[in-house]
Amino acid sequence: MTGGKRPTGHQPSVPVALPSFDDAEVRLVAEVIRSGWVTQGPKVAAFETQFADYVGAKEAVAVTSATTALFLVLHARGIGPGDEVIVPSLSYIATANAVVHVGATPVFVDVDPATFNIDPERIEEAITPRTKAILPVDQLGMPADMDRIVEIAKRRGLFVLEDAACAAGSRYKGEPVGARADAACFSFHPRKVIVTGEGGMITTNDEELANKLRLLRHQGMSVSDLERHKADRMITEEYPVIGYNFRLSDVHAAIGIVQLGKLEEFLAKRRAIAARYEAALGDLETVELPQPPPEVDHNYQSYIVRLRAGGRDERDAVLEELRRHGVSSRRGLMAIHRESCYRDARLGGSLENTEAATDQTLLLPIYADLTPEDQDYVVQRFRSALDAALVQRDANSRRAID
Ligand SMILES: Cc1ncc(COP(=O)(O)O)c(C=O)c1O
């Protein structure tokens, strides 16, 4: 077997995303199971060291997901009720949920329409005396403009927490994402570039913060299981703070170690697929393809396209037509402030770029093992779905005029 097997059941013939596993993951997981040590232990420690080395950060702390990672960092920094955190509304809902979970208020700020990343100009306008942190998102793997964001944060005395859930392997100004912000959080969910099933990682250069995170993820326990196991004497742990159970298991970490070893291969394959989409769809004037700025190396966690001509109706018609033909696709990005659970959300200015982006974008399938044949099929179906949606739109507008 090479690459991930498609799950069985009623699947579309081309999924939007697919993990890439082979026997190497199976072998290391089997080793963990045979060892008897399946919770957070030596494999988690090894995964953390390797991940920190990869991104060039001093510390990496593994947890159960990017959501718990974001929550834990905000909590460890003492951010809570009465505090505001600046976030893009155009993201996955987990970004804002983590802020709400610590009792703070997310303040939604608009994005740059070219990159879909938070617009640094708009950040300054949204800062109030209650603002404690900026939480930029590397949208679908496209790194946010961290130098400008960090500069604002330093000047205004704010903490920067980078939501790098989708950005493993992406580079900003030549360096891997994960070491520029005060802390960065990654996800290993199956839609991501490195997959462990569920899982997350926090990277930081702040040793004190990392130690606090390690304490908090393990019920506030002063000694880890691994340290106790290795000790040559009896150790009784203490609980100086009230913590959580956000431990990643060694089973998940074993998968992560193997996946991290394949990251460069995954990136090369994803970039080649993105280049093929660019070549196959670049002539379409009604469609805008991703254009990473020169200072960015994109990991293409997703491949987002914007329908220039049309709005939500046309985009949804394209999604439905693709679905009917066995091509799995998704709307591009959600606008969190439009969800009913965020209807009373604080808006940090106009969100017009966010609203346009969420209505006009969709994701085309991309994953390391996407074959050229399947990709050609996606291109063919996308072109015909787009034509049909635009013909329908023109017919509707003629009818409206008549
Ligand atoms: C931008 C962003 N932040 C956070 C998350 C949450 O990640 P997890 O599922 O690991 O909690 C996701 C997941 O898709 C995401 O896309």
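None of these values were measured; they are calculated from a predicted model.

Undergrad: Mind showing me how you'd approach unusual backbone geometry here?
TA: Where the residue is not glycine, phi is negative for most of them; where a peptide bond is considered, it is trans in most cases. Even without a glycine there, the phi angle at Phe116 is positive, about 65°. If you trace the backbone, Phe116 turns up in the loop between strand S4 (105-109) and helix H5 (120-126). We classify Phe116 as buried; its relative accessible area is 7%. Its identity is not glycine, yet Tyr300 carries a phi of approximately 50°, on the positive side. Inspection of the secondary structure assignment puts Tyr300 in the loop between strand S12 (296-297) and strand S13 (303-307).

Undergrad: Whenever I open this one, the state of the cysteines confuses me. Can you help?
TA: A disulfide bridge is the covalent bond that connects two cysteines by way of their sulfur atoms. This model, assessed by the stated rule, comprises 0 disulfides. Cysteine Cys166 is unpaired, with the sulfur of Cys185 as its nearest cysteine sulfur at 12 Å. A relative accessible area of 16% places Cys166 in the buried class. Not engaged in a disulfide, the cysteine Cys341 finds its nearest cysteine sulfur in Cys166; these two sulfurs lie 19 Å apart. Judged by its relative accessible area of 57%, Cys341 is exposed.

Undergrad: What is the right way to look at the side chain of Thr131 in this model?
TA: Here Thr131 lies in strand S5 (residues 131-134). A polar atom in the side chain of Thr131 sits 2.8 Å from the backbone nitrogen of Thr128. With residues near it in sequence (within four places) discarded, Thr131 still touches Glu84, Ile86, Ala126 and Leu158.

Undergrad: Even after reading the chapter, I still don't get the site of the ligand, so can you show me in this structure?
TA: Taken together, 14 residues lie near the ligand, and Ala66, Thr67, Asp163, Ser187 and Lys192 sit nearest. The contact in question runs from an oxygen atom of the ligand to an N or O atom on the side chain of Lys192, over 2.7 Å. In isolation the ligand exposes 390 Å². Once the protein is present, 87% of that is buried. Listing elements by their share of the shell around the ligand, those giving two or more residues are helix H3 (66-76) and helix H4 (94-101). For the shell around the ligand, the class distribution of residues is 6 nonpolar, 6 polar and 2 charged.

Undergrad: Teacher, can you tell me more about the environment of Glu320 here?
TA: For Glu320, the position within the fold is in helix H11 (residues 312-324). Sequence separation between Glu320 and Arg330 is 10 residues, and the spatial gap between their C-alpha atoms is 9.8 Å.

Undergrad: Teacher, can you tell me more about the pattern of salt bridges here?
TA: Side-chain pairing between opposite charges can occur once the charged atoms of the two side chains come close. Evaluated as defined, the whole model comprises 32 salt bridges. A salt bridge links Arg148 to Glu121, with the nearest nitrogen and oxygen atoms 2.8 Å apart. Residue Arg148 is located in helix H6 (residues 146-156), and its partner Glu121 is located in helix H5; the two are separated by 27 residues in the primary sequence. For Arg148, a relative accessible area of 36% corresponds to the partly exposed category.

Undergrad: Looking at this model, I keep getting lost on the sheet that holds strand S16 (residues 346-347). Mind explaining?
TA: Note: strands within a sheet are paired through backbone hydrogen bonds, in either parallel or antiparallel orientation. Ordered in space as S1-S10-S9-S6-S5-S2-S4-S16, the 8 strands form an open sheet in which the pairing is mixed. The outermost strands of the open sheet, each flanked by one partner alone, are strand S1 (59-63) and S16. With 5 bridges joining them, S1 and strand S10 (residues 200-204) adopt antiparallel strand pairing. Along S10, the bridge assignment pairs Ala62 with Met201.

Undergrad: I would appreciate a short explanation of the pairing of S5 in the present structure.
TA: The side chains of a regular strand alternate between the sheet's two faces. Relative to S5, strand S2 (residues 84-88) runs parallel, the two sharing 3 bridges. Bridging from a neighbouring strand, Glu84 pairs with Thr131 of S5. Note that S5 and strand S6 (residues 159-163) share 2 bridges and pair parallel. For Ala133, the partnering residue across the bridge sits in S6 and is Phe159. This β-α-β element, S5 to H6 to S6, shows right-handed connectivity.

Definitions and limits used
- Per chain, residues are indexed from 1 in the order of the written sequence.
- Given that this is a predicted model, residues contribute local features only at a pLDDT of at least 70 and side-chain atom pairs are listed and counted only at 80 or more, while totals for whole chains, interfaces and linings are drawn from all residues.
- Think of the side-chain values as coming from all heavy atoms in the structure, minus any hydrogens and water.
- Runs of E in the DSSP output that reach at least two residues are strands. Runs of H or I that reach at least four are helices, and both are numbered from the N terminus.
- Here's how the labels work: a residue is buried when its accessible area is under 20% of the maximum for its type, exposed when over 50%, partly exposed in between, all with a 1.4 Å probe on protein chains only.
- In this description, a disulfide is simply a cysteine sulfur pair whose atoms lie within 2.5 Å.
- Between N or O atoms, a polar contact is any pair within 3.5 Å; within protein, one atom must be a potential hydrogen donor and the other a potential acceptor, and residues adjacent in sequence are included only when both atoms are from side chains.
- Residue contacts are counted whenever heavy atoms from the two residues lie within 4.5 Å of one another.
- We call a residue near a molecule or strand whenever a single non-hydrogen atom of that residue lies within 4 Å of it.
- Working definition of accessibility: Shrake-Rupley area with a 1.4 Å probe, residue cover restricted to the visible protein chains.
- Residues are grouped as follows: Ala, Val, Leu, Ile, Met, Phe, Trp, Tyr, Cys and Pro are nonpolar; Asp, Glu, Lys and Arg are charged; all remaining types, including Gly, are polar.
- We count a salt bridge whenever a side-chain nitrogen from Lys or Arg sits within 4 Å of a carboxyl oxygen from Asp or Glu.
- Between any two strands, at least two bridges found by DSSP are needed for them to pair.
- Crossovers are described as right-handed under a simple rule: with the strands pointing away from the observer, the path leading from the first strand over the helix to the second runs clockwise.

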